[in-house]
Amino acid sequence: MVDDMQRASPSSKITRANNNMSLSKAYTKGLGYIFLIAFLSYYVQYPALSSSIGGIEPSNIVLQRAFPSLYIPVDKGYIDSDGLVELINLVGVVVSIVIASGVAQHALLYL
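Residues numbered from 1 in each chain as written. Predicted model: local features only at pLDDT ≥ 70, side-chain atom pairs only at ≥ 80, totals over all residues. Heavy atoms only, no water.

Colleague: Where do I start with the overall build of the protein in this structure?
Modeller: Looking only at helices and strands, the protein has five helices and zero strands in total. Each helix (α) and strand (β) of the protein, taken in turn from the N terminus, gives the series α-α-α-α-α. Burial status across the protein gives 22% buried among its 111 residues. For the protein, restricting intrachain contacts to residue pairs at least 6 apart in sequence, the fraction spanning at least 24 positions comes to 47%. Summed over all atoms, the accessible surface of the protein reaches about 8,100 Å², with 66% contributed by carbon and sulfur. (Helix = DSSP H or I, 4+ residues; strand = E, 2+ residues; numbered from the N terminus. Buried < 20%, exposed > 50% of the residue type's maximum accessible area, 1.4 Å probe, protein only. Contact = heavy atoms within 4.5 Å. Areas by Shrake-Rupley, 256 points an atom, 1.4 Å probe, with all protein chains shown as cover.)

Colleague: When you look at the layout of surface pockets in this model, what are you seeing that I'm missing?
Modeller: Sizing a probe to match a water molecule and rolling it over the atoms shows the empty space that remains. Considered as a void within the structure, the largest pocket measures approximately 220 Å³ in volume. Forming the boundary of the largest pocket are F39, Y42, S50, S59, V62, L63, F67, L70, V85, I88 and N89. A class-by-class count of the residues in the lining of the largest pocket yields eight nonpolar, three polar and no charged. (1 Å grid on protein atoms, 1.4 Å probe; cavity = no way out; pocket = protein on both sides within 12 Å on 5 of 7 lines; lining within 4 Å. Points joined across faces, edges and corners; volume = space filled by probe spheres on them. Nonpolar A, V, L, I, M, F, W, Y, C, P; charged D, E, K, R; others polar.)

Colleague: I'm lost on the nonpolar core in this one. Help?
Modeller: One broad rule of soluble globular proteins: the nonpolar side chains tend to lie buried together. In this structure, Y46, L63, Y71, V74, L84 and V85 together form the largest nonpolar core, which totals six residues. At the level of secondary structure, the elements contributing two or more residues to this core comprise α4 (68-75) and α5 (81-101). With sequence-adjacent residues up to four places away left out, Y46 is seen in contact with S51, S59, S81, D82 and V85. (Core = buried A, V, L, I, M, F, W, Y, C linked by side-chain atoms within 4.5 Å.)

Colleague: What is the right way to read a nonpolar patch on the surface from this model?
Modeller: Taken together, the side chains of F67, L70 and I88 present a nonpolar region at the surface, about 250 Å² in accessible area. Within the secondary structure, L70 sits in helix α4. (Patch = residues over 30% accessible without salt bridge, like charges linked within 9 Å, V, L, I, M, F, W, Y side chains within 5 Å. Salt bridge = Lys/Arg side-chain N within 4 Å of Asp/Glu carboxyl O.)

Colleague: Explain the environment of I79 to me, please; I cannot follow it from the model alone.
Modeller: Note on placement: I79 falls in the loop between α4 and α5. For I79, a relative accessible area of 28% gives the class partly exposed. Excluding residues within four positions of it along the chain, I79 makes contact with P73, V74 and L84.

Shown next as structure tokens:
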């Protein structure tokens, strides 16, 4: 029995490598689904949480304090703060869908 394990054929090594690769793909897809749920949840809750009209913490204040480099287009008048936060959220939803579908596994690095 030990001899059989020691003389593992190359095809069994390939099968183990494929199983490991499928495990990493499943893990990455699972993270994509988790990010998708998080971005969709925030998209629904955004008006009450961060909207500049009636949110608990207005998005223009949050962007100005936390992300000054992202606030530059808002400050120059290219886009309003609510639109920028919504755009960032929608990009997160699209990237999460791409990751969850398995098309681009390394897109998770950009989230």
